[in-house]
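Next come the chains, spelled out residue by residue.
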Amino acid sequence: MASPIQIVLNPENYEEAREAGGGGGRKDFFAHRDAEFVAHRTALMSQIDTISGVLSAQSQGDVGFVKVILRREAWAKSHRPVASLFRHDRTPTVGGGDLGVMIIEARPGTLLQVAAEIAKAETHTEMRYNEQKQKDEPHPSARKSETGAIDRVELYGPADRRSFSVEEAVAWLSNPMTGSSYQVELFDSPPPRSEWDLLDAGHRRLAESFVAGFNALDYGLAVERLPNHRHKQPILSVRLDQSSDQPVLRLNETSFSERRRDLAVFNPDLKRHARLLAFLDSHPLVRRVELPGIVVRAAGSATPTPRTRPTNVTVPIRDSRRTHPRLGIIDGGISEALSDWVIDRWDILADEDADLAHGTFIGGLAAVGGALNGAQTCPEPDGAELVDVAVFPNERKAGAFASYYPEGLPQFFDEMETAVSDARARHGVRVFNMSLNILQPAAPDRYSPHAARLDQIAETNNAVVFISAGNIQPQDLRAEWPADATTALANLVNARNDGLLTPAESARNVAVAALNPPGHDGCLPFAPTRYSRRGPGLRAGVKPDLAHVGGAGSQHPVLGHGLFSILPDGAIVDGCGTSYASPLAAKTAAVLDHAIEGEVSRETLIGLLVHHAEMPGPLQSKALAPIARHMVGFGMPPSADRILETGDHAITLVFASRIRRDQQINFRFAWPASLVGPGGKCRGRAKITLVSTPPLDARFGSEFVRVNINATLQQEQAGGGWKGRLEPLYLPSKRESPAVEAELIEHDLKWSPVKVLAKTFPQGLGPSSNWRLFVDYLTRAGEVMPEEGVPFTAIVTISDPEAEQPVFTDMRQNLQALGTQIADIRTAARITPRV
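Residues numbered from 1 in each chain as written. Predicted model: local features only at pLDDT ≥ 70, side-chain atom pairs only at ≥ 80, totals over all residues. Heavy atoms only, no water.

Caption draft 1: The nonpolar core, seen in detail. Ranked by size, the top nonpolar core spans 79 residues in total, and within it Phe466 and Trp481 carry the most contacts. Here this core gets nine residues from one element, more than from any other, and that element is helix 14 (residues 578-595). Counting 31 residues, the second-largest nonpolar core is a separate cluster that includes Phe655, Ile709, Ala711 and Leu815. (Core = buried A, V, L, I, M, F, W, Y, C linked by side-chain atoms within 4.5 Å. Buried < 20%, exposed > 50% of the residue type's maximum accessible area, 1.4 Å probe, protein only. Helix = DSSP H or I, 4+ residues; strand = E, 2+ residues; numbered from the N terminus.)

Below you can see the structure in the form of structure tokens.
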């Protein structure tokens, strides 16, 4: 099985200065440590000899799978031990585990060949004179370099295959929503029995023992290969039931009609499950045994029934007797079809220079999107009062833009700022949508003047502008997002010219990417669209910030792009673009702003969206974790109702404050009593989102953020100290050594105005139920904390993942006992000046 393609979008994090005179790229990992190398070489040969003995004796034949674990310094491609030791013709690489782990297919004979090569590695440090450097440098042979690159060699075993107990499995599978079947990933798929004669003895025994192992489990077993997976990465569905039938094995692709059958009642017998799992744990062909997920009606799920194209729509009548969410639309104008919802217009465009189609489509999503598209796509109630900021002339009319803005973009932003300030002052509009981009890629080391200007407009007006991430040019469109993670990664390798457009790298506003709609046969629901541009944008932060449905990039014969709104004449039309994803996220922000009394801060508004955003289903694969943030940011926000209210199993606390010079925030509290076990061990899930508005300075390029605000959730230790317990949301793997600055910037989001950390503790953690939220700051060299401080909002959620314990009640009582005053955020403006 070929190794899946792994994309690392942050290679600079793992780079190190190249050693002078590196011997043609070969590195001596044991230079001048000859005795240590001899011990290391002996240990590797012993490990290989042990594994060879196990493979020789195993009943399933002599073919097995082995983990070659590299030392951290040897993770680079040039150091992989595949040229001399684990050659493809000898021990083919079939996959990978965590960072620096190769998985190979091996036999006793081939392993002994590897051991023989290791034995030939010189035990002294070979030196060669470097003419350029005029000094001697280590110059190892390929054998020594590759031997030194390996940390250890282990047989792929039961601990690699399963991470749950028999009791946990039966409890989980007893829920009918799971389908009650194990998901079993194989290293390779056994061929049909008619082709077994083509296999060598070792691989034939592997296939025979696999089939025989299932048959030995007797009655009530159904095994079938799941569809839509790559041929070389088969996944089986394995289910125990209460029927008296002999095992049914469908190890090759099955048709839809074969899969449609009545299922017998699930068998919860622990002994039967223990036998099955013991077999799967020990068989070499099995790579991983997993429990299935539960399909829920939430972001990322598909529409249960086929959609139909809407044929008529009635724009709802605005009830002027009550207030509504308000949204400013910065575009080319909104037509009279939505005039009842347009409460004001900033219109400098002559009729012949206006292009109402784009702005009307956006306004239509806010006014009637739910009726046209359903709650999965447009989760907020229909209706929003619109301020039409018509400042962008028809781009298809030659000379139109220049006639209004002869001084170019600075003049355009001047006009925009005046319009935004007017809407803010006259109508209290806080949320604006600007589905406009500048045809200029965002650079990782440059804070563009366009983004800087937009940020200044937002900060001056205490507003938030939602910006489209930008659309890829037609000639550069990616393939539709596949269900297979490896194929998705491969497609991204081949993509070009698909980076964010300015001003989407804005530090004060929200950039929105586009997701596919549900119920559209031509695309995977809620996956990134083929036209949506991706981050990272600037090095400090996550861009895009959020994602929402923007219509499919491939047309359906009936549904078209699958996202519907109206034309200037009121007729229904379908469309796609990040332009149309942005206003859906903006609408939720407007509903939040409307639901919370008083003037909610920018930091809180953005924080609520980011904190509750959910990663779309197609991006939840572990293989996609390194690139997910560049595609969809923190995910797709749910409806405002879901943000503002949770069940009793969770509590969300909002801290909206300002950190000043020489100050820090230290908020102590007790972990919910219902989640505290013996010895003070605390279980549950915790999440922090921090949004701040630090000073910015574009002169410093990628270091344009001048003050870093940091928030941690810490648990008291036995010695009286405090230990941070959460991890950055996008940390690529568990750290084995202190992170360098580059890693802190990329994964911990150091210097980013928006940070998210989370962790689940299912088994309980630590010695104490005493915790604290700790907020502090760090300035750049030569920078001084502003006299007025830095405003921030920290949002903390503590919950029971099993949704059983009364966390809200526990925490509320604890906080009130400590003298902490808390109130519903929707009415808190009556009590506190900052929300």
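Caption draft 2: The side chain of Thr578, seen in detail. Take Thr578: it is sitting in helix 14. Among residues more than four places away in sequence, those in contact with Thr578 are Ser468, Ala469, Gly470, Asn471, Val512, Ala513, Ala514, Tyr531 and Ser532. (Contact = heavy atoms within 4.5 Å.)

Caption draft 3: Representation of the sheet that holds strand 26 (residues 707-716) within the structure. Strand order in the open sheet formed by four strands is 24-30-26-27, with antiparallel pairing between adjacent strands. At either end of the open sheet lies a strand with only one pairing partner, and these are strand 24 (665-670) and strand 27 (722-724). Neighbour-to-neighbour, the strand axes of the sheet open up by a mean angle of 30°, direction not taken into account. Two strands pair when backbone bridges link them, and strand 26 and strand 30 (residues 770-779) are joined in this way by nine bridges, in the antiparallel orientation. Within strand 30, the residue paired with Val707 across the bridge is Thr779. (Pairing = 2+ DSSP bridges. Axes fitted to C-alpha atoms, helices over the stretch in contact; angles between N-to-C directions.)

Caption draft 4: View of the pattern of salt bridges. All chains considered together, the criterion is met by 38 salt bridges. In this structure, Arg87 and Asp89 form a salt bridge, with 3.1 Å as the shortest nitrogen-oxygen distance. Overall, the relative accessible area of 61% leaves Asp89 in the exposed class. One salt bridge in this structure joins Arg430 and Asp593, with 3.4 Å as the shortest N-O distance. One end of the pair, Arg430, is in the loop between helix 11 (409-427) and strand 15 (431-434); the other, Asp593, is in helix 14, and 163 residues separate them in sequence. Within this structure, Lys67, Asp151, Arg152, Glu154 and Asp160 form a network of salt bridges that share partners. (Salt bridge = Lys/Arg side-chain N within 4 Å of Asp/Glu carboxyl O.)

Caption draft 5: Structural view of the sheet that holds strand 20 (residues 546-549). Pairing is parallel in the open sheet, where seven strands are placed in the order 13-14-12-15-17-19-20. Only two strands of the sheet have a single neighbouring strand rather than two, namely strand 13 (342-347) and strand 20. Shown here is a sheet whose adjacent strand axes are inclined to one another by a mean of 25°, direction ignored.

Caption draft 6: Quick peek at the packing of helix 1 (residues 34-57) against helix 2 (residues 108-119). Relative orientation of the contacting elements helix 1 and helix 2 amounts to 170°, with a least axis distance of 9 Å. One finds that helix 1 runs roughly antiparallel with respect to helix 2. Every residue of helix 2 that contacts helix 1 at Arg41, Leu44, Met45, Ile48, Ile51, Ser52, Leu55 and Ser56 is listed here: Pro108, Leu111, Leu112, Val114, Ala115, Ile118 and Ala119. Of the residues that constitute the contact of helix 1 with helix 2, the class distribution is twelve nonpolar, two polar and one charged. (Parallel < 35°, antiparallel > 145°, perpendicular 65-115°, else oblique. Nonpolar A, V, L, I, M, F, W, Y, C, P; charged D, E, K, R; others polar.)

Caption draft 7: Representation of the environment of Ser52. By the secondary structure assignment, Ser52 is in helix 1. Taking the C-alpha atoms as reference points, Ser52 and Ala106, separated by 54 residues in sequence, lie 8.7 Å from one another. Once you skip the residues sitting within four places of it in the chain, Ser52 turns out to touch Pro108, Leu111 and Leu112.

Caption draft 8: The packing of aromatic side chains, seen in detail. Within this structure, the stated rule accounts for 20 aromatic pairs. An angle of 15° between the planes, with centres 4.1 Å apart, marks the rings of Phe65 and Phe187 as stacked. Taken as a pair, Phe65 in strand 1 (residues 64-70) and Phe187 in the loop between strand 7 (182-186) and helix 6 (201-215) lie far apart in primary sequence, 122 residues in all. Residues Phe392 and Phe412 carry aromatic rings whose centres are separated by 6.3 Å and whose planes lie at 75° to one another, so their mutual orientation is edge-to-face. On the criterion of sequence distance, the pair formed by Phe392 in the loop between strand 14 (385-390) and helix 10 (400-404) and Phe412 in helix 11 is long-range, its members being 20 residues apart. Across the ring face of Phe164, the terminal group of Arg162 is positioned such that the distance to the ring centre comes to 5.7 Å. Above the ring of Tyr219, the side-chain terminus of Arg272 is found at 4.5 Å from the ring centroid. (Phe/Tyr/Trp six-rings, centres within 6.5 Å; stacked < 30°, edge-to-face > 60°. Lys NZ or Arg CZ within 6 Å of the ring centre and 35° of its normal.)

Caption draft 9: Summary view of the environment of Ala106. With respect to the helices and strands, Ala106 occurs in strand 3 (residues 101-106). For Ala106, a relative accessible area of 2% gives the class buried. For Ala106 and Thr91, which are 15 residues apart along the polypeptide, the C-alpha to C-alpha distance reads 5.4 Å. Setting aside residues up to four positions removed in sequence, Ala106 forms contacts with Leu55, Asp62, Val63, Gly64, Val66, Thr91 and Leu111.

Caption draft 10: Representation of the packing of helix 1 against helix 3 (residues 142-149) within the structure. Closest axis-to-axis distance for the helix 1/helix 3 pair is 10 Å, and the angle between their directions is 75°. By the criterion of interaxial angle, the relationship of helix 1 to helix 3 is roughly perpendicular. Between helix 1, through Asp34, Phe37, His40 and Leu44, and helix 3, the contact on the second element is made entirely by Lys144, Thr147 and Gly148. Its residues placed into classes, the contact of helix 1 with helix 3 shows two nonpolar, three polar and two charged.

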